[in-house]
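Residue-level listing of the chains:
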Amino acid sequence: MTPDERRSRQRAFLAARARLADDYRASRQDDRHAWRSLDELADTPEFRAFLHREFPRGASELLDGLSRRQFLRLMGASLALAGLTACASQPHDKIVPYVNQPAQVTPGKPLFFATATPFGGYGTGVLAESHLGRPTKLEGNPDHPASLGATDAITQATLLDLYDPDRSQTVLRDGRISSWDVFLGALQPVLAKFRANGGAGLYVLTETVTSPTLADQLAALRRAYPAARWHQYEPAGRDNARLGARLAFGTDVNPVYRFADADVIVALDADFLMHWPGSVRYEREFIDGRRVRADRQTMNRLYAVETAPTLVGALADHRQALRPSEVAAFAAGLARALGVDAGAGPAAAPAVPWLAAAVRDLQQHRGRGLVLAGEAQPPLVHALAHAINDALGNAGHTVVYTEPVEAAPADQLAALRALVGDLVAGKVDTLAILGGNPVYDAPADLAFGARLTSAPLRIHLGPFADETAALCQWHIPQAHYLETWSDIRAFDGTATIMQPTIEPLYGGKSAHEVLAALVDGVDRTGHDIVRAYWQGRHAGGDFETFWQTTLHDGVVRDTAAAPRAVAIQPGFAGRAAPAAPADQGLELAFRPDPTIWDGRYADNGWLQELPKPLTKLTWDNAALVSPATARRLGLVTDNTDPESKSAGDAVGVPLVELRYRGGVVEAPLWVMPGHADDCATIHLGYGRTRTGKVGTGLGFNAYLLRTSDAPWGGPGLEVRPPGKRYTLATTQNHGTMEGRDILRSGTLADYRRDPRFDHADERVPARGPSLYPDYQYPDYAWAMSIDLNACVGCGACVLACQAENNIPVVGKLQVSEGREMHWIRVDRYYTGPAEAPETAFQPVPCMQCENAPCELVCPVGATVHDSEGLNDMVYQRCIGTRYCSNNCPYKVRRFNFFQYTDQREPTLMLMRNPEVTVRERGVMEKCTYCVQRIVQTRIAAQNEGRMIRDGEVQTACQQVCPTRAIVFGNINDRGSAVAKLKAEPADYSLLGELNTRPRTTYLPRLRNPNPDVTTS
């Protein structure tokens, strides 16, 4: 065939495929058609051109624009001259055996240590997997009430923080290298002065404290220095929730929610599925109430009002987008409709079509309903939620109130203002900042950085020499939580003693050790401090047995906070602060970033590259607005994303100037389907100037617009387009299925009528006819079932897979070229109009096809099938033709274009899982069903002379999932959980008509709308 004939045949093929796609789109133009981006919804010619490329724009080119053919030509010439000496190779390591092997250490067999991950002051129990003294993976502790054996994405990524080579590695004095001993020596005359004056001028600033030992040390500090002051500040803390409970009940209490008992839930801008204290457990309980099977056809119902789309809004059966000020008005309207005094606040509730139906639903489910408010809402909204729960009899059932978990509940913003006031007044002689970065994340109007320098002595404890450390005379590197002894309480008060899993890599210190130095000037270890505290509180019995048992279990038994009887205070609404007027132009809403939170994880490459659940942005933040608001601002002229005409992966968006309360920043504008009109949402945590190499200089600093009197936003935003554009890297169109029916969704009523959703005629048998004889799998036949109704889109599975399988970070530029390396992606789909779409998530790993199209085209047999149904990769054979990726209809293979993996940084080499190969460039990678875990379990079972039991092997994505949306096992075992799910009538395969016979199948996404709304 001549080149002209080949090109002619290719053009004919592309034209035929385009006609088929057009016909398919025409047949799917209905309300249930799923779409990923506004470009796809508009079906622009540019977007269709993007889809017709096998790989995203630029994916077949090198950074300098060379094509693959040019690259091979040049490399051939180079290799002819240079030989093979320039090939990349693994660094040389020496294998040295133990002289005296530790009794508990067996090479190749990991140990697990129970500890807890701190987040916002609260702990989540984890088990740290350790290989020869180095932790390589974190799993949830099944015995811990906050984890129940699962974790979230941030917890998985904290492992990378431990090995971050950019962490602070030495004590600094005025920016120069010093030591801990020198610091202790310099502290002695300061402490002598404070002993003489009772501690006047000594201030300590911490983040939220729930640690029993740290709280005891702070109390000891106050006893030693009665005039000393302790303040707490958390930039994304729970001030409003704390003040709302105080407003409703007249005292500090801790609400603990029981979603397992809730049939009807109303969320007032409350994303309880994302980074709340207890959110991992809340996810499990909430989804358990929505799990539909052939023998259990019931679901709870969720109503949500919110400004920017969240995971809760994505799962809601009824969702309404409201401006921030309108959420408070809606809460007042809901309270009045339920007979609760809402005071003289907003008189008219916004027009929400399902408000009356939600009121009836709550009334019909007294004692089984739940109303809760998010942290961004003012204290009155939280108080109204408590009052509604009390009026409906939900208190004591779906919400239980306990004693406070925090050591000293406080209005943290008020405390920070007081500290700044004392700095201005010259009252602060010595300020010790134990964790946190207030120079960066304190509200802009407080000018904390400028005020801080008025203190004569400033001490900072932190993991990085960050913005705050730069203004302090002393900076002490903070030990990672996996390097130090400590303790912490969970959302319900349950305590965990945190034990180190590795010696401090850089000699870091904990807050316990710094506080011990401040109290009496001595050097005490964290182990001695924590152990002494618990020994002093152990009443009777053998303390050593208690200590060892507690360390083993990861839970201090019987330490949950005691329930507390509370009563709503009459007239509480009248004592609330008046709402700000909302008629001053656009409103602005601040939210913590879904991945890097308040900025503390900015240097974490795993979190930076994890696509944000709803925008699918990576490595950046943006100003989110609705399509209608973007049009009104003159930034778009139609209902499409304001992207450059190169739609798809790297998008050029308008760079706008945001002016708010005297602050000015430039931010890229992102049109967000489902966002409320006449307002914008911006995420905190970016715009860092002093952190590691990964996080410095990314995005814009939203804290420059934040003020202490409106920390979560308000009216008065001005948006001015400066005429520039900015490139964002998003994965929202990567792996697009070109409109094919891979997302199956419907309502509970649809399911009851037909679990297959009218696809019975289209449904292809799991084992259709084939030209090849069927292969028998006599022992094990591994398979996976993913319940789309249980997936909340959090992305924890993506990071668990990354940690387990040594998957590298590639960076913003490579993501924008479609080269991210994640072995599992979580697709986000919309259905309906862009102004108010319904949202669903679909995790897509390798399908492990029995008739795998990739295997047929590999010229070197690098991708092969094994005797248990796994599609294996032999990296040593792969030569990088990418034929397998071309032939994969699911687009789940990743090509290692460059040497992404750092093979020289010693600490990063310690992090890697020794059971998984570290891949070189030029090979294809993909999901393996965590074959290393299968092999390890098979060896153990063979040694015991038995078969592998159901549930004994868990893939990394399955084990991490808070909602148990992913189930893995042996389908030859008809009693296994995965076999039972695959027997469900709703079970379906992606693109089953291709007869690839995927071992991974799905259950559909369901909603449970109120029939009173849908029929009105």
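The structure we're discussing is the one just above.
In this text, all values refer to a predicted model and were calculated from it rather than measured experimentally.

This part takes up the overall build of the protein. Helix and strand content of the protein: 31 helices and 37 strands. Within the protein, the proportion of its 1016 residues that are buried is 60%. Summarising the internal contacts of the protein: among those between residues at least 6 apart in sequence, 74% fall at separations of at least 24. Carbon and sulfur atoms provide 53% of the accessible area of the protein, an area that totals close to 39,100 Å².

We now examine the pairing of strand E18 (residues 486-489). Here E18 pairs with strand E19 (residues 495-498) via four bridges, running antiparallel. Its bridge partner being in E19, Arg489 is matched across the sheet by Ala495. Here E18 folds back onto E19, and the loop between the two strands holds five residues, one of which, Gly493, carries a positive phi near 95°.

Right, let's get into the packing of aromatic side chains. Counted under the stated rule, the structure contains 28 aromatic pairs. Seen from their ring centres, Phe183 and Trp474 are 5.2 Å apart, and the 70° between their planes marks the pair as edge-to-face. Taken together, the positions of Phe183 in helix H6 (residues 180-197) and Trp474 in strand E17 (residues 474-477) put the pair 291 residues apart, joining distant regions of the chain. Across the pair, Trp474 and Phe183 agree in class, each one buried. Relative to Tyr401, the ring of Phe249 has its centre 4.8 Å away and its plane inclined at 65°; by these criteria the two rings are edge-to-face. Of this pair, Phe249 sits in helix H8 (residues 239-249) while Tyr401 sits in strand E14 (residues 399-402), and the two are 152 residues apart along the sequence. You can call Tyr401 buried: its relative accessible area is 5%. Taken together, Tyr257, Phe259, Phe272, Trp276, Tyr282, Phe286 and Phe491 form an aromatic cluster joined through their ring pairs.

In a packed pair of helices, the relevant descriptors are the angle between the two axes and the axis-to-axis distance. Following both chains from N to C, one finds H6 and helix H17 (residues 511-520) inclined at 40°, their axes separated by 8 Å at the closest point. The angle between H6 and H17 falls in the class oblique. Along the contact surface, H6 presents Trp180, Leu184, Leu187, Leu191 and Arg195, while H17 presents Glu513, Val514, Ala517, Leu518 and Asp520. Residues of the contact of H6 with H17, tallied by class, amount to seven nonpolar, no polar and three charged.

Below, the discussion takes up the sheet that holds strand E35 (residues 966-970). The pairing of strands in a sheet happens through backbone hydrogen bonds and is either parallel or antiparallel. Reading across from one edge, E35-E28-E36 is the order of the three strands in this open sheet, with mixed pairing throughout. In the strand order of this sheet, the two ends are held by E35 and strand E36 (1000-1003), each with one partner. Mean inter-strand twist for the sheet, computed between neighbouring axes without regard to direction, equals 20°. In terms of strand pairing, strand E28 (residues 782-787) meets E36 through four bridges, oriented parallel. Residue Met784 lies in a different strand from E36, and its bridge partner there is Thr1000.

Relative to each other, H8 and helix H13 (residues 379-391) sit at 55°, their axes nearing to 7 Å. When the interaxial angle is binned, H8 and H13 end up oblique. The handedness of the crossing between H8 and H13 is right-handed. For the pair formed by H8 and H13, the contact residues are Asn240, Ala241, Leu243, Gly244, Ala245, Leu247, Ala248 and Phe249 on the first element and Pro379, Leu380, His382, Ala383 and His386 on the second. Taken together, the residues of the contact of H8 with H13 break down into nine nonpolar, four polar and no charged.

Using the criterion set out here, one finds zero disulfides in the structure. Unpaired in this structure, Cys849 has its nearest cysteine sulfur neighbour in Cys846, at a distance of 6.3 Å. For Cys849, a relative accessible area of 6% gives the class buried. In this model Cys858 remains outside any disulfide bridge; the closest cysteine sulfur is found in Cys884, 6.4 Å from its own. According to the relative accessible area criterion, Cys858 is buried, its value standing at 18%.

What follows deals with the pattern of salt bridges. Evaluation of the coordinates by the stated rule reveals 47 salt bridges. Residue Asp216 is joined to Arg537 by a salt bridge in which the shortest nitrogen-to-oxygen separation is 3.2 Å. Highlighted residues: Asp216 in helix H7 (residues 212-224) and Arg537 in the loop between helix H18 (526-536) and helix H19 (543-553), separated in sequence by 321 residues. A relative accessible area of 26% means that Asp216 is categorised as partly exposed. Judged by relative accessible area, Arg537 falls into the partly exposed class, the value being 47%. Two residues, Glu285 and Arg281, come together in a salt bridge whose shortest N-O distance is 2.9 Å. On the criterion of helical spacing, the pair formed by Glu285 and Arg281 is a turn pair, its members being four residues apart in helix H9 (residues 279-288). Look at Arg281 and you get partly exposed, because its relative accessible area is 23%.

Among all positions of H18, only Gly526, Ile529, Val530, Arg531, Tyr533 and Trp534 are buried. Buried residues along H18 sit in contact with H7, E18, E19, H17 and H19.

Within H19, burial applies to Phe543, Phe546, Trp547, Thr550, Leu551 and Asp553. The elements touched by buried residues of H19 are strand E2 (111-119), E19 and H18. For H19, the N-terminal cap is Asp542; the gap from its side-chain oxygen to the backbone nitrogen of Glu544 is 3.1 Å. At the C-terminal side of H19, Gly554 shows a positive phi close to 75°.

Turning to the sheet that holds strand E8 (residues 229-232), a few remarks are in order. The strand order across the open sheet built from seven strands is E6-E5-E17-E16-E15-E7-E8, with neighbouring strands paired in mixed fashion. Across the chains shown, the open sheet's two edge strands, defined by having one partner strand only, are strand E6 (176-177) and E8. By the bridge criterion, four bridges tie strand E7 (residues 202-206) to E8 in an arrangement that is parallel. Its bridge partner being in E8, Thr206 is matched across the sheet by Gln232. Strands E7, strand E15 (430-434), strand E16 (457-462) and E17 of the sheet are contacted by H17, whose axis makes an angle of about 160° with E15.

With respect to the helices and strands, the residue Tyr726 is situated in strand E26 (residues 713-730). Overall, Tyr726 belongs to the partly exposed group, its relative accessible area being 26%. In this structure the C-alpha to C-alpha distance between Tyr726 and Leu669, which are 57 residues apart in sequence, comes to 8.8 Å. In terms of polar contacts, Tyr726 uses its side chain to reach the side chain of Asp620, at 2.8 Å.

Analysis parameters
- Residues numbered from 1 in each chain as written.
- Predicted model: local features only at pLDDT ≥ 70, side-chain atom pairs only at ≥ 80, totals over all residues.
- Heavy atoms only, no water.
- Helix = DSSP H or I, 4+ residues; strand = E, 2+ residues; numbered from the N terminus.
- Buried < 20%, exposed > 50% of the residue type's maximum accessible area, 1.4 Å probe, protein only.
- Contact = heavy atoms within 4.5 Å.
- Areas by Shrake-Rupley, 256 points an atom, 1.4 Å probe, with all protein chains shown as cover.
- Pairing = 2+ DSSP bridges.
- Phe/Tyr/Trp six-rings, centres within 6.5 Å; stacked < 30°, edge-to-face > 60°.
- Axes fitted to C-alpha atoms, helices over the stretch in contact; angles between N-to-C directions.
- Parallel < 35°, antiparallel > 145°, perpendicular 65-115°, else oblique.
- Nonpolar A, V, L, I, M, F, W, Y, C, P; charged D, E, K, R; others polar.
- Left-handed = near helix turned anticlockwise from the far one by under 90°.
- Disulfide = S-S within 2.5 Å.
- Salt bridge = Lys/Arg side-chain N within 4 Å of Asp/Glu carboxyl O.
- Polar contact = N/O pair within 3.5 Å; in protein donor to acceptor, adjacent residues only side chain to side chain.

Nothing here speaks to function; it is all geometry.
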